[in-house]
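Analysis of the macromolecular model
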Amino acid sequence: MKSSLVFAHNFPKAKDIGDEVLVIYDQILAKRSKDFQKWIQSFPLSYPVSAGEELKSVAAFPKHISSIVKICENASSRKLKVLAIGGGSVGDFAGFVASILKRGVGLVHMPSTWLAAIDSAHGGKTALNVGGAKNQIGTFYPAEKIFLVKKLLLAQPAVRSFEGFGELLKISIIQGGVLWKQLSQNREITHDVLWKHLKAAIEAKNRVVQKDPEEKSGHRHLLNLGHTVGHVFEADGQIPHGVAINYGLSFALQWSLEKKIMSQSVYNKMMSAAVMGYLLSPHRDQLISTSPSKIKKYRSLLLSDKKKTQTETVRFIFVKAPGQCVIQEVGVDDILNEMCRQAEEEDIDG
Ligand SMILES: NC(=O)c1ccc[n+]([C@@H]2O[C@H](COP(=O)([O-])OP(=O)(O)OC[C@H]3O[C@@H](n4cnc5c(N)ncnc54)[C@H](O)[C@@H]3O)[C@@H](O)[C@H]2O)c1
């Protein structure tokens, strides 16, 4: 199913979402804005949540779903819709709820972070975490509608643009062409730059998803560019997903050069693009440690990653050039060796 996109300056009217709507929203939004607080009161059924990985924890799910079932006990299964308002964690959680509540009800997303607006609200993946391992269970459940509300997205703290930038850069490298050319000319990524490229970025993601909606042919794996090592940084360094993806992208580009999948001249050209200065600051040199205990931890994180195929191997996304990505099966040890190589190189350069 193709989700319809609605770009709007302001919040839509409750009746434009549906007759019976359960809003699952990040409670921080009501704390930060009186306007939001007032608007959310126009929905009779609501469930505020605290965003983050704990919300996606399978251990906490029974308590949440029991409360949600109670709130919706008088709602019609035919008419009920879940409206998910928040970042990626709220979208993953609320999408999963919508896919099982009353055996599946309508789903509408209203992302409140750049990461969710560019990436996680699109493509229909929902997910919960099991133990420390991310996204171990979930469903494919595309939203029928996705509202991109400028007022909501621009109200984020400026620092959040760095988090959204990782997914924007990722999709522009996968797509290449005009999206890459235009994005690469920006020296700094502000809310306005993100808003300007939002539609093109979503269309680029949807193009990949439409070729492989349920990740069966392997094409959708392209969207994991930067994520294999990014997830290791995220879990080990306790840094936001979007920041970790920036570092994961930089790792993938350097490894593509080292493996000669990308030529030196393409690498130099990409790295000299204005936007790459933004990618590389702040540095990730404190993130990779080559101590034996850390390497052991990285290994177990890589093996618990959902992109693991057979024992000790992982499908890794390399870049030949913008618009040309290559999927290769690599050993977990190869990734660890490359992490050590890049850490040593940074020590020398630094
Ligand atoms: N389903 C998918 O396809 C997909 C793709 C990429 C990432 N993800 C998931 O998305 C999650 C990361 O996304 P995220 O960074 O948006 O996560 P998040 O929902 O945890 O939000 C990050 C932080 O921003 C705060 N926040 C949200 N909106 C805000 C606003 N407007 N103003 C101020 N603060 C705001 C939240 O309270 C939270 O503290 C991860 O769980 C990741 O696994 C899913």
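Each value, and the rule that gives it
Residues numbered from 1 in each chain as written. Predicted model: local features only at pLDDT ≥ 70, side-chain atom pairs only at ≥ 80, totals over all residues. Heavy atoms only, no water. Buried < 20%, exposed > 50% of the residue type's maximum accessible area, 1.4 Å probe, protein only. Helix = DSSP H or I, 4+ residues; strand = E, 2+ residues; numbered from the N terminus. Near = heavy atom within 4 Å. Polar contact = N/O pair within 3.5 Å; in protein donor to acceptor, adjacent residues only side chain to side chain. Core = buried A, V, L, I, M, F, W, Y, C linked by side-chain atoms within 4.5 Å. Domains from an automatic or database assignment. Contact = heavy atoms within 4.5 Å. UniProt positions renumbered as here; feature names shortened; annotations may be inferred. Patch = residues over 30% accessible without salt bridge, like charges linked within 9 Å, V, L, I, M, F, W, Y side chains within 5 Å. Areas by Shrake-Rupley, 256 points an atom, 1.4 Å probe, with all protein chains shown as cover. Salt bridge = Lys/Arg side-chain N within 4 Å of Asp/Glu carboxyl O. Phe/Tyr/Trp six-rings, centres within 6.5 Å; stacked < 30°, edge-to-face > 60°. Pairing = 2+ DSSP bridges.

Backbone geometry at Lys 102 places phi at a positive 45°, although glycine is not the residue there. Overall, the relative accessible area of 32% leaves Lys 102 in the partly exposed class. One non-glycine residue with positive phi stands out, namely Asn 135, at about 50°. Within the element layout of this structure, Asn 135 appears in strand E7 (residues 133–137).

Residues in close proximity to the ligand total 27 residues, the closest being Asp 26, Glu 53, Ser 89, Ser 112 and Thr 113. Contact distances for the ligand include 2.9 Å between an oxygen atom and a side-chain N or O atom of Lys 56. Separating a nitrogen atom of the ligand from a backbone N or O atom of Lys 125 is a distance of 3.0 Å. No other element matches helix H5 (residues 88–100), which puts four residues into the shell around the ligand.

Judged by nonpolar contacts, the single largest core of 93 residues is most densely connected at Ile 24, Phe 93, Leu 169, Ile 335 and Met 339. The two domains that each donate at least three residues to this core are domain 1 (4–156) and domain 2 (160–349). If near-sequence neighbours (up to four positions away) are discounted, Ile 24 is found in contact with Tyr 47, Val 49, Ile 68, Val 82, Leu 83, Ala 84, Ile 85, Val 90, Phe 93, Ala 94 and Val 97. Residues Ala 14, Ile 17, Val 23 and Val 149 belong to the second largest nonpolar core, which totals 19 residues.

As annotated in UniProt, the feature "domain: 3-dehydroquinate synthase N-terminal" (unreviewed entry) corresponds to residues 48–157 in the numbering used here. With 33% helix and 25% strand, residues 48–157 has its two end C-alpha atoms placed 21 Å apart.

Once that is clear, we can look at a nonpolar patch on the surface. Taken together, the side chains of Val 58, Val 130 and Ile 137 define a hydrophobic patch exposed on the protein surface, amounting to about 190 Å² of accessible area. Checked against the element boundaries, Val 58 lands in the loop between strand E3 (45–49) and helix H4 (61–71). Judged by its relative accessible area of 31%, Val 58 falls in the partly exposed class.

Okay, the pattern of salt bridges next. Under the counting rule described, the total for this entry stands at 22 salt bridges. For Lys 56, the salt bridge goes to Asp 92, with nearest N and O atoms at 2.8 Å. One end of the pair, Lys 56, is in the loop between E3 and H4; the other, Asp 92, is in helix H5, with 36 residues separating them in the sequence. Grouping residues by exposure puts Lys 56 and Asp 92 together as buried. Across the pair Glu 329 and Arg 315 runs a salt bridge, and its minimum N-O distance is 3.9 Å. Placement of Glu 329 in strand E10 (residues 324–331) and of Arg 315 in strand E9 (residues 313–321) is noted, with a sequence separation of 14 residues between them. Since its relative accessible area comes to 27%, Arg 315 is described here as partly exposed. What you see here is one network of salt bridges that share partners, running through Glu 53, Lys 56, Asp 92, Lys 134 and Glu 234.

Bringing the side chain of Glu 234 into the picture now. Mapped onto the elements, Glu 234 comes out in helix H11 (residues 227–237). Given a relative accessible area of 9%, Glu 234 falls into the buried group. With residues near it in sequence (within four places) discarded, Glu 234 still touches Glu 53, Lys 134, Ile 239, His 241 and Ala 244.

Scanning the entire structure with this criterion turns up 14 aromatic pairs. Here the aromatic rings of Phe 233 and Tyr 247 are separated by 6.4 Å at their centres, their planes lie at 85°, and the arrangement is edge-to-face. Separated by 14 residues along the polypeptide, Phe 233 in helix H11 and Tyr 247 in helix H12 (residues 241–258) bring together distant segments of the chain. Residue Phe 233 shares its accessibility class with Tyr 247, and that shared class is buried. Clustering of aromatic rings is evident, with ring pairs tying together Phe 11, Tyr 25, Phe 36, Trp 39 and Phe 43.

With respect to burial, E9 is a largely interior element, seven of its nine residues being buried. The sheet contact formed by E9 and E10 spans eight bridges and is antiparallel. In the strand pairing of E10, Val 314 is matched with Val 330. Where E9 hands over to E10, the hairpin turn is made up of two residues, of which Gly 323 adopts a positive phi near 90°.

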